[in-house]
Every structure is written in structure tokens, then in C-alpha cells.
Amino acid sequence: MPTDTPTSARKEKSAPQKAMEKLGLVRDIDLALHIPLRYEDETRITPIRDLRDGDIAQVEGVVSDCQIQFRPRRQLVVKLDDGSGELVLRFLNFYPNHQKTLAAGNRVRVRGEARGGFFGLEMVHPSFKSVDAETPLATALTPVYPTSATLPQAYLRKAIASGLQRADLGELIPPELLPRGSWNLRDSLRFLHHPTPDVSLGELEDKTHPAWQRLKFEELLAQQLSQLQAKNERALQRAPRFTVRAGGLQEKLLAALPFSLTAAQRRVVEEIALDLQREVPMHRLLQGDVGSGKTVVAALAAAIAMNEGWQCALMAPTEILAEQHFRKLVQWLEPLGIQTAWLTGSRKGKKRAEMLARVASGEAALVVGTHAVIQSEVQFARLGLAIIDEQHRFGVAQRLALRDKLEQQALEPHLLMMSATPIPRTLAMTLFADLDVSTIDELPPGRTPIVTKVFSDHKREGVIRTIAAEVAQGKQVYWVCPLIEESEKLDLQNATATHEQLSAALPGHSVGLLHGRMNATDKAAVMAQFTAGDMKVLVSTSVIEVGVDVPNASLMVIEHAERFGLSQLHQLRGRVGRGSVASVCVLLYTSPLSDTGKSRLKAMAETNDGFEIARRDLEIRGPGEFLGARQSGAPLLRFADLTLDEPLVHVARQAATRLLTSQPHVAEQHVARWLGSKAEFLKA
Ligand code: ADP
Ligand code: MG
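So, how was this worked out
- Residues numbered from 1 in each chain as written.
- Chains lettered and ligands numbered in written order.
- Predicted model: local features only at pLDDT ≥ 70, side-chain atom pairs only at ≥ 80, totals over all residues.
- Heavy atoms only, no water.
- Salt bridge = Lys/Arg side-chain N within 4 Å of Asp/Glu carboxyl O.
- Helix = DSSP H or I, 4+ residues; strand = E, 2+ residues; numbered from the N terminus.
- Buried < 20%, exposed > 50% of the residue type's maximum accessible area, 1.4 Å probe, protein only.

**Q** Account for the pattern of salt bridges, naming residues and giving values.
**A** Note that side chains of opposite charge can pair when their charged atoms are close. Applying the stated criterion across every chain, the model contains 27 salt bridges. Where Arg-90 meets Glu-122, a salt bridge forms, and the shortest distance between an N and an O atom there is 3.0 Å. Here Arg-90 is found in strand E4 (residues 86–91), whereas its partner Glu-122 is found in strand E6 (residues 120–124), with 32 residues between them in sequence. Judged by its relative accessible area of 12%, Glu-122 falls in the buried class. Note that Lys-231 and Asp-436 form a salt bridge whose closest N and O atoms lie 3.8 Å from each other. Note that Lys-231 is positioned in helix H7 (residues 210–236) and Asp-436 in strand E15 (residues 436–440), a separation of 205 residues in sequence. Assessed through its relative accessible area of 35%, Lys-231 is described here as partly exposed. With a relative accessible area of 27%, Asp-436 lands in the partly exposed category. Ionic contacts of the salt-bridge type, sharing partners, join the residues Arg-267, Glu-271, Asp-275, Arg-284 and Asp-441 into one network.

Next comes the structure, spelled out in C-alpha cells:
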């Protein structure tokens, strides 16, 4: 046990101090906001006689016997007597210290889970401490905090108790902005750290207790405020203004398209055009289900900016997706005299230098690529519009890099983000409160809804026969496998084996293979053959996840579908059903299915609607994972749960708006208290 207190001033930081920093426990307020995972009740002593199998309880008595046994293995066995009965304490790992405290005749207080042993009740590895008849009982429940391996619970408890004492927990928020009947902050925090024993544990656990409600409200308010602040800051920035001109590039592009826009596409183009006319930079999310036609909307927005002599950048998370965009945009825009550039990580050397020069001179009006587009050596002559596809797939670091890039010019570029994963309404309101949203809620005409079937992989042979029939009719098929190499741990079908099997089953037809280990040129060659229709079946790992567009593909088989996330499945499925032929998606699974696996497959079979899928995904996974934030490390809401706390979100939103206008410096204090240095991240 560490002897130094966390407040002791020492030059070298101790291991627990470093561990605390790692957990973000730096300021007193951080400590105060580190809420227990659960509680232990040390306020009561249970007579040994009343213990039942499975009870977690505290008992107190005198040690009647303490012995090391060697069978079946070395262990310390202690007998405790409290006058009402006898309890065995068993320690498989123990130190001299144990024997000293637990020596016969000593009085001890013990806490653990009672289990029915061979000779009556026992506790294995209980916690214990030596006491005398006067040692008082705890008056509040004992907190158990989330911690890490190098940070002992006892040390953390002490640090938090003193942090809670010192922290400034004065009320900042005017009472009229609080939810009705709200507790104050200090009482709420003190209560959550040390609840009185009479509390309903249920209310604490499901966070409906008033102390929890206050905490959640505080958090949501901070988060809403930082979003509104970001929005206000943005409103002070200046962007170039673009007017849609008669006979301009946008009109020409519209006239050249082989289809006319859907009403939804026309509406969102209109919304974007209005933003581009203003001198405040656009900050808009364009959401629309897979296949709803976002690319052409992006092209039209780009056309508006380029018509005024400004450059556009379009960025996609993967090379395959970026290339699909590139090809489509070149096909649409080069005939209209637009020069384009292609930038990815794999393009190096002279070619790359050449591209960079054309971007820097402004000769290339349209720059398409992966996140290579925002690397520091890329200099734009005058960037007027940045478009990011599947923005949620970019990490926080990349989003911050993009923001820095956008801020380099005197006039900031407009920003359009696109996503096929619709953000559920509550999430849009909270995490993306400073974002304007346009939605394409209609698919281009002539699409037949995809039928989704879920089969156990016992039906694999039958599925392969279906493939043969489809191919015989001139249709094309995707087969998606989750992993490329045989892994002993995950018994997954490997894409190479499947490729061989399908090749053998389909003599005379070309079956292709696409996986993440291939280089960009090989990938592009395979994709080109499939797109041209020369290749009938494409076996692939999930690299085709986004953006691939082959209207003649009418069947998709996803193997080990239970291993994919729901939105990933939906995105994959969106690769078929792009033409007028009826399409089928077959989800093959391997038993046994987990509960979440089952609900994902069920959701897929029941709906084609991306918004409904997103809602269910949020329900199954919770918002943190939904945004992929676990990987990106973005701090999300720690206490509030957007699926359960929607009413609180509304109150917090209103309060944020009012506080920011009436008492902006209180708003700032509140954000600082809650987010500290994390505020920047939340704006990314
Ligand atoms: P996503 O929204 O998933 O990015 P895409 O932009 O790739 O969708 O569009 C899917 C397909 O639909 C493309 O082949 C595209 O050319 C086509 N498309 C887009 N808009 C229309 C439309 N209004 N009418 C017919 N086809 C369209
Ligand atoms: Mg797309």
C-alpha cells in the first residue's frame, strides 16, 4: 500500500500518480467527476448464522484457527467465529501479512461472497482488516472506482475523497435553467461518491436517481455549449461566396447527366447552393442511404465553386472509394473542361510531385484522393470547397488536420461532409449540434428493393447453386468474406479457399479475388474487370465495403455475417440493388449466434431503411461505439445515454442557448469545468 498521499509534492511522479494522469485525473474536478462503478456495503455487519449462499456481506468475529493446508494445493485456511456461527476463509494466494492479521485470537472484519463449501459456508479471498470492538462501521456505501492495474483502489479512493473536498463545486447554472426539482451539483457528487445506505441501488445502477440526473444534465449542457461555441466561432469566419450562374458549369453538368435528379437531390443541391452563397463557411452534413446518389450532389456543389475559379477537394477514407469517385467525376467533369488531380498515399515520386505542382498552381481545379489530400505538403492555390465522404470513418486526428488545413487561407473553404450512415436524431442534436444537415430521403427511381435472406452456413452448397443460376443469366455476384488468411483462432472461411471453390463451381466464368493485402494497381485491375462485366463473381474481404458501384450486380453473399457490425452489413448490402433487376442479399451465419449477432441479422432481414438500421445499431451498441469513437479516442458522453436521456438533451439544449446569450462567461466556466482540454476534440 502506498504511504504517500496524492497531494504530497514530489519531483518524481509516482506510478499511481502517472496512472491517474493517464485516466485523465489531473484537476480536483476531474477527481470529483470520477464516479464509482459500484459500491460495497460496509455499513452493516451480518451475523454468520444469517449468511446465505451467494450473499456478498461483511462479517466480524474472532479467528479461532489459522492454518496452512497443502492439499489439494497450498492454501491458507482460517476459521472465524462471531458467536452466532463459524465461517471458513480460504486464501489460495497469501503473504506473511495474511497470517499475521489472521492469527488465532485476532478480531477481524471480513467482506466477501459467501459460498456453500463442503464443510458449510466459506469465503474465498475475502477482503479483511483487523479491528477492535470500538472500530466504527462505515456510514456511507464504499465506492469502488474504475481504475487501472498500476493504480490501487485504496490510493484512488483517498485521492478522490480529497479531490472532492477541494474541488470548486459552486453552482454556476442559474436555477431557472435547471430541470425541475434538480439537486445541486455539490450534493449530487457527494452523494454519488458516498451514498447513504438507505439508497435504492436500482436507482443508482440505472442512473435515474436525482443525483445522476443532475450529473447527466451538467454533462449534456457542457457538450451543447461547446458545440454552440464552435458554431458561433465559425460564424465569425469568412468564406468565398459562390453564386449559381445561368449557363455556368453546374447547369452544363446537369444537362450532360444521363439521368435527371430526384426531388430529394434537387432539394439538397438547393440547400448547399444557398450555403455557398453566404460569406460564412458552410458546415453541412449530407446524409443519404447507400445508393441514394450523393456523388452527383457533390459534383454539382463542386461545379458551383469551380465555375467561380476556385478549387475543390474531395476526400474519401479508402483508396478504392476515392478512385470510384475520381473516375465518376472525371467522366462527368473533364468533358466540361475541368482539370483534375489524383492524390493518394500510394502515389509517390515524380508523378506525385507533378500533381502537387498542379494543385499548388491552381491548374487542377478538382483534387480527389484519400487523406493524402490534407497532408502538409499539399498546398492549394485557392481551395473553395472541401468535400469529405464517409466522414465518420476518418479519425479524430485526421479531422483536426483537416480543420487546420482549412484554416490556412485568408478565406476559409466551405465544408461538405457526406455519410451513408444516417445519424439518429438525438445524436445529431448532441454530438453534431453545430452541423447543418441535409438529407436525401429518396432513392433514384426504378430500383427494386433488396430481399435479404438469413441462412445457416449449412446451406452454403445451395447458395453456390443459386450463384451459378444467376451467372448463367448474365448477372453478377459479390461474395464477401471477413478475413483473408486462415486463422486458427477465428475459424473463418478464407477468401482464397472460397475463391477456388467458386472458380471450380463455375467453369467458363471469370471469378475474381479482392483483398486488403493487394496493392492498389492490382485492386484497380480487378475492380475494372468486374465493373466492365467481364468478371462475373467477385470474392472479396470487406474492402468493397463502401462506394463500389456496379448496377448489374444482383446477388450478394456475406459469409460469417454475424461477425460484421450492423451498419457495415447495411453498407455492404447497398452494393447490390443499384439497377432495375431484383436483388438478393444472403447472410450466412455460423452457430452459435450471440444475442447481439442475432439482433443484427434480424434487423437486416426486417428493414432496408438506413435510418431504421442506424436506430437499431445505436440501440444494440450504444452511441460510443456507434461513432467508432472507441478507436479514435474521442471523449464522448460519459454519463448521459442518448437513447435513454432524450428529454434531458432537450432541456440541456434550451439551457445552452439561453446561457450563451445571457451569461456567456458562465457558459465558458461551465465548459472549462467539464471538458477542460478536451473541448478542442469535441469540435473536431
Ligand atoms: P451513394 O449515395 O451511395 O454515394 P452514388 O452517388 O454512388 O450513391 O449513386 C448510386 C448510383 O445511382 C450511381 O450509379 C449514380 O450514378 C446513380 N444515380 C444517382 N442519382 C441518380 C438519379 N437521380 N437517377 C438515376 N440514377 C442516379
Ligand atoms: Mg457514395
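**Q** Break down unusual backbone geometry for me, with residues and values.
**A** A cis amide bond links Arg-71 to the next residue, Pro-72, at an omega of 0°. Looking at where Pro-72 falls in the secondary structure, it is placed in the loop between strand E2 (56–69) and strand E3 (75–81). Residue Pro-592 is reached from Ser-591 by a cis peptide bond, and omega for that bond is -5°. In this structure, Pro-592 sits in the loop between strand E21 (584–589) and helix H19 (595–606). The backbone of Lys-207 sits at a positive phi, close to 60°, despite the residue not being glycine. You can see Lys-207 is positioned in the loop between helix H6 (201–205) and H7. Its identity is not glycine, yet His-560 carries a phi of approximately 50°, on the positive side. Tracing the backbone through its elements, the reader meets His-560 in the loop between strand E20 (553–558) and helix H18 (566–573).

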